[in-house]
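So the chains spell out like this:
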Amino acid sequence: MKTTIIDLSKPIQYNAGDPWFMRVKIKHKAHRKSHWLIRLALNLPFRLFPKNWTGWADDTIKNMGLHATTHIDAPWHYGPEVEGKPAKTIDQIPLEWCYGDGIVIDCSHKEDFIAITIEDLKRDLDKNGITIQEGNIVLIRTGRDQLMGSPDFVEKGTGMSKEATEWLIDQGVKVMGIDQWGWDLPLKFMAKKAKELNDPEYFWEGHRVGIEKEYLHIEQLTNLKALPSSGFRVCVFPLKIVGGSAAPARVVAMINE
C-alpha cells in the first residue's frame, strides 16, 4: 500500500508582506563561520580539522510568535479555565487528539466577513455523504490561504460562528482547523461590528467557545484543496512548549492508495 503525504503547513520564513506582528526573522549562519568557531572555541588545531569539510551550518529564529505561522491553539489561549477547570497549555495536550481521520468541509463559497454557519457545514457534509465520527479532525476550507504573504491575509476572510464551532464539538470533534489567518471573522471587522451592535458577546465568539467546551483549533493551514473530503488521516503534533498558548506544527495529511 502506498501512502501519499500532503503538506498542509505554510513555509516558515521572513515575508515583508506580513503584518509586523507576524514577520518571522531567521538568522542563517554559514558553514565557514562555524569553521572558525570550532577551531577557536574548541581549540581544535587546524591540522586536525577535516580537510573536506567547511564546518556546520546553523540557524537562529530571532523572532517568531507562536501564532505567527501554521499552529495549533491550546485551550489556554482562549482563557485560563475551561469547563470550570484549569485550561491545558500546549504541552499538556494529549497527542492522541492530534492524529485521526480527517474531513474537509468546503466553505470556500463564503464571502468575506460572513460567518460560517451550522447549515453551511451540514450542507457540504450531506453533499459528500459524510457523517462526523467522534475523534475526527475537521478542516474548514475557505480558500483564503491564497492570501498568505499579503496584508489581506489578516484583513479579509470568513470565519467560524460560535454556533458552528459548538456544533462540531458536540459531534465529538476535539481538533479542528481552518486555512485562513484566524478561526473567527477578521479581528478588526469583529471589533467594528461589536461597536455597531453594542454587543459584548460578539467579539472573538468562535474562540471563546473554548471557555465553555474544551477544544483546539489549527490556524493558517494551506493546500486543503489538494485533499478529498474524507478518506485520509491528519497529523498535527505541536512543539512541546511548556506553558505555551499555542505551538507551530508541521500539519500533514496521509492518504493510503
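Note that the structure is predicted; figures quoted are calculated from it, not measured.

S.K.: In this structure, what is going on with the overall build of the protein? I would like to understand it.
M.R.: The number of helices and strands found in the protein is seven helices and 15 strands. The dimensions of the protein, computed from C-alpha atoms along their principal axes, are 70 × 50 × 35 Å. Counting all 257 residues of the protein, 44% fall into the buried class. The long-range fraction of contacts in the protein, counting pairs at least 24 apart against all pairs at least 6 apart in sequence, stands at 75%. A total accessible area of about 13,800 Å² is found for the protein, and carbon and sulfur atoms account for 54% of it. Within the protein, one finds 33 positive and 34 negative side-chain charges whose respective centroids are separated by 12 Å.

S.K.: Please clarify how the environment of serine 161 should be interpreted in this entry.
M.R.: Along the chain, serine 161 turns up in the loop between β10 (159-160) and α5 (162-170). Sequence-wise, serine 161 and valine 209 are 48 residues apart; in three dimensions their C-alpha atoms are separated by 9.7 Å. Every residue in contact with serine 161, bar those within four places of it in the chain, is listed here: Ala115, Ile116, Thr117 and Glu205. Engagement of the side chain of serine 161 in a polar contact is seen with the backbone oxygen of isoleucine 116, the distance being 2.8 Å.

S.K.: Teacher, can you tell me more about α5 here?
M.R.: Along an α-helix, residues three or four positions apart point the same way, because every turn accommodates 3.6 residues. Among all positions of α5, only Ala164, Thr165, Trp167, Leu168 and Ile169 are buried. Following α5 by one or two positions, glycine 172 adopts a phi angle in the positive range, close to 100°.

S.K.: Could you clarify how one ought to interpret the packing of helix α3 (residues 118-127) against α5 in this entry?
M.R.: Geometry of a packed helix pair, given as the angle between the helix axes and the separation of the axes. Close contact between α3 and α5 brings their axes to 8 Å; oriented N to C, the two are set at 50°. When the interaxial angle is binned, α3 and α5 end up oblique. Listed contacts from α5 to Ile118, Leu121, Lys122 and Leu125 of α3 are Glu163, Ala164, Trp167 and Leu168. Of the residues in the contact of α3 with α5, the class split is six nonpolar, no polar and two charged.

S.K.: Even after reading the chapter, I still don't get the nonpolar core, so can you show me in this structure?
M.R.: What tends to happen in soluble globular proteins is that the nonpolar side chains get buried as a cluster. Counting residues in hydrophobic clusters, the biggest one holds 24 residues, and the most contacted among them are Leu8, Leu139, Ile218, Leu227, Phe232, Val236 and Val251. Counting residues per element, the ones that place at least two in this core are β9 (137-141), β12 (216-219), β13 (232-235) and β15 (252-256). Those residues in contact with phenylalanine 232, other than ones at most four positions away along the chain, are Gly100, Asp101, Gly102, Ile103, Val104, Leu139, Leu227, Ala253, Met254 and Ile255.

S.K.: What am I meant to see in the confidence of the model for the protein here?
M.R.: Any residue range with low pLDDT should be treated as having predicted coordinates unsuitable for detailed reading. Averaged over all residues, the pLDDT of the protein is 96; the fraction at 70 or higher stands at 100%. When mean pLDDT is compared element by element in the protein, β9 scores highest at 99, while helix α1 (residues 31-41) scores lowest at 85.

S.K.: Looking at this model, I keep getting lost on the pairing of strand β11 (residues 175-178). Mind explaining?
M.R.: Successive residues of a regular strand alternate their side chains across the two faces of the sheet. Residues Val175 and Gly177 of β11 are buried on one face, and the alternating residues Met176 and Ile178, pointing to the opposite face, are buried as well. As paired elements, β9 and β11 share four bridges and run parallel to each other. Looking across to β11, one finds that valine 138 is bridged to methionine 176. In this sheet, β12 lies alongside β11 in parallel orientation, the contact comprising three bridges. Pairing of valine 175 across the sheet is with leucine 216, part of β12.

S.K.: How should unusual backbone geometry be read in this particular structure?
M.R.: Most peptide bonds take the trans configuration, and most residues that are not glycine carry a negative phi. Within the chain, glutamate 83 stands out as a residue other than glycine whose phi angle is a positive 55°. For glutamate 83, the location among the structural elements is in the loop between β5 (81-82) and β6 (85-86). In this structure, tryptophan 204 takes a positive phi of about 60° despite not being glycine. Take tryptophan 204: it is sitting in the loop between α6 (187-197) and α7 (205-212).

What counts and what doesn't
Residues numbered from 1 in each chain as written. Predicted model: local features only at pLDDT ≥ 70, side-chain atom pairs only at ≥ 80, totals over all residues. Heavy atoms only, no water. Helix = DSSP H or I, 4+ residues; strand = E, 2+ residues; numbered from the N terminus. Buried < 20%, exposed > 50% of the residue type's maximum accessible area, 1.4 Å probe, protein only. Contact = heavy atoms within 4.5 Å. Areas by Shrake-Rupley, 256 points an atom, 1.4 Å probe, with all protein chains shown as cover. Lys, Arg positive; Asp, Glu negative; His and termini not counted. Charge placed at Lys NZ, Arg CZ, Asp CG, Glu CD. Polar contact = N/O pair within 3.5 Å; in protein donor to acceptor, adjacent residues only side chain to side chain. Axes fitted to C-alpha atoms, helices over the stretch in contact; angles between N-to-C directions. Parallel < 35°, antiparallel > 145°, perpendicular 65-115°, else oblique. Nonpolar A, V, L, I, M, F, W, Y, C, P; charged D, E, K, R; others polar. Core = buried A, V, L, I, M, F, W, Y, C linked by side-chain atoms within 4.5 Å. pLDDT = per-residue confidence, 0-100. Pairing = 2+ DSSP bridges.

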